[in-house]
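A look at the structure
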Amino acid sequence: MGLKETLKQKIEEFRPRTTRLVKEFGKVKIDEVTIEQCIGGARDIRSLVTDISYLDPQEGIRFRGKTIPETFAALPKAEGSDYPTVESFWYFLLTGDVPTQSQVDDVLTEWKVRQEVPQYVFDTIRTLPRDSHPMAMLSVGITAMQRDSKFAALYNSGKFNKLTSWEAVYEDACDIVARIPVIAAFIYNLKYKGDRQIAIDPALDMGANFAHMIGQGDAYRDVARMYFILHSDHESGNVSAHTTHLVHSALSDPYYAYAAGLNGLAGPLHGRANQEVLDWTIKFQEKYCKDQEPTKELITRALWDTLNSGQVIPGYGHAVLRKTDPRYISQREFCQKHLPEDPLFKLVSMIFEVAPGVLSEHGKTKNPWPNVDAQSGVIQWHYGVKEWDFYTVLFGVGRALGCMANITWDRGLGYAIERPKSVTIPMLEEWAAKGGRL
């Protein structure tokens, strides 16, 4: 049974569960809202539903119930690699099942057809000023493909069926995840390589093909596979995932929805953070470790200088996590194996050993542990991808997997348009005066 047929069976089996929850238990309270949460960005309010991934404050991310090490161990590996193909991970995200190699091969074959990007998309991106940010180019490219949306065509046909509309979302979602690395590679070569484009190699999986298209050698193939998988999803509350879900809840097609998600990902408090961490780390290296090996004493002193000057240590802390981000650990292990002598990695590694203690003593950080951004830029820099404006595009390629899997299930389960209720500051002040009594 193919991926789409498997997914159809799972969606139909799942629907009675959501129907029963709403019908029989719809009034059960699962959370409460405070004034601090209302004003502070709805932090920690349980109000979104996804089975694709879950972020535990202590344990970190689980994809379909599996930790990152369990996910990497369970999925079929790319040939000659310790890492799974992105295609096998896509099957896993959509279904929750670990695919067989035969099922992975079916996805690989399907993506070879889907990855052909229409020429008009490249032409549209080329009309932008060459100094446009690569994330703007990626957003434009995804939006341009909207003309071919199967979901939009279904809705406009007058034959829209709530129970089967997920199939058209699935078609758009598969097209997006297959094409977005091709568009990203095109943007990279357009901006940074004099528009010297490299054709798709139909023999390669997505991660390997991306490495090929941006002119990287075989060593970068696992970097791409690992990076896209680790950045794929982080439950539904982050800006890019939530924005994609929110826009699609209005029945905007997946192209509109993910272009909106990408625009959120471009923000410095979200996807662009890895670029800012690398910038800070390089400047830190230049200032404190230019002519000497980093030591704990040196790094401790330098971090205190940073904090005492009113600056933060970027890459440390997380909105949800209260421990070291497992995505950081996964990338750290990659570095320890493949680039242990890299000067920048040695500095980042030493900061990891020292910073949590310094931040804990400083006392102003809820989570003194590193997140994914504290490590990811170092790997790209080591392999020669030093155009850090492009790092958020890499994030966007990976995040497409989670966002597209989520909205496919959104339509499969018929989730409603998202429409939270707002309150005014005078109302909050009145409730505060009454001690929270309405």
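Predicted model, so just to flag it, every value in this text is computed and none were measured.

What follows deals with the packing of helix 5 (residues 101–114) against helix 9 (residues 166–192). Where helix 5 contacts helix 9, the axes come no closer than 9 Å and their chain directions differ by 80 degrees. By the angle between their directions, the pair helix 5 and helix 9 is classed as roughly perpendicular. Contacts from Glu110, Trp111 and Arg114 of helix 5 reach helix 9 at Tyr170, Glu171, Cys174, Asp175, Val177, Ala178 and Arg179.

Turning our attention to a nonpolar patch on the surface. On the surface, Leu21, Phe25, Val28 and Ile30 cluster together into a nonpolar patch covering about 400 Å² of accessible area. Locating Ile30 in the fold gives a position in the loop between helix 1 (3–25) and helix 2 (35–39).

For the rest of this paragraph, the subject is the pattern of salt bridges. Summed over the entire model, instances satisfying the criterion amount to 24 salt bridges. For Asp148, the salt bridge is made with Arg147, and the minimal N-O distance between the two is 3.2 Å. Asp148 sits in the partly exposed class, given a relative accessible area of 31%. For Arg147, a relative accessible area of 60% gives the class exposed. Salt-bridge contacts for Arg327 lead to Asp325; the nearest nitrogen and oxygen are separated by 2.7 Å.

Counted under the stated rule, the structure contains 20 aromatic pairs. With a centroid separation of 5.2 Å and an interplanar angle of 65 degrees, the aromatic rings of Tyr155 and Phe160 are classed as edge-to-face. Measuring from ring centre to ring centre gives 6.4 Å for Trp166 and Tyr170, while their planes differ by 75 degrees; the resulting arrangement is edge-to-face. Of this pair, Trp166 and Tyr170 both sit in helix 9, four residues apart, roughly one helical turn. Tyr170 carries the same exposure label as Trp166, and that label is buried. Over the aromatic face of Phe14 sits the side chain of Arg17, whose NZ or CZ is 4.4 Å from the ring centroid. In this structure, Arg147 packs its charged tip against the face of Tyr120, placed 4.9 Å from the ring centre.

Our focus in this paragraph is the environment of Asn161. On the secondary structure map, Asn161 appears in the loop between helix 8 (150–156) and helix 9. A relative accessible area of 35% places Asn161 in the partly exposed class.

On to the nonpolar core. Of all hydrophobic cores here, the largest spans 115 residues; its most connected members are Trp90, Phe210 and Tyr220. Element by element, the count of residues in this core is highest for helix 9, at 18 residues.

This brings us to the side chain of His234. By the element assignment, His234 lies in the loop between helix 11 (219–230) and helix 12 (239–249). In this structure His234 comes out as buried when scored by relative accessible area, which is 7%.

Parameters at a glance
Residues numbered from 1 in each chain as written. Predicted model: local features only at pLDDT ≥ 70, side-chain atom pairs only at ≥ 80, totals over all residues. Heavy atoms only, no water. Axes fitted to C-alpha atoms, helices over the stretch in contact; angles between N-to-C directions. Helix = DSSP H or I, 4+ residues; strand = E, 2+ residues; numbered from the N terminus. Parallel < 35°, antiparallel > 145°, perpendicular 65-115°, else oblique. Contact = heavy atoms within 4.5 Å. Patch = residues over 30% accessible without salt bridge, like charges linked within 9 Å, V, L, I, M, F, W, Y side chains within 5 Å. Areas by Shrake-Rupley, 256 points an atom, 1.4 Å probe, with all protein chains shown as cover. Salt bridge = Lys/Arg side-chain N within 4 Å of Asp/Glu carboxyl O. Buried < 20%, exposed > 50% of the residue type's maximum accessible area, 1.4 Å probe, protein only. Phe/Tyr/Trp six-rings, centres within 6.5 Å; stacked < 30°, edge-to-face > 60°. Lys NZ or Arg CZ within 6 Å of the ring centre and 35° of its normal. Core = buried A, V, L, I, M, F, W, Y, C linked by side-chain atoms within 4.5 Å.

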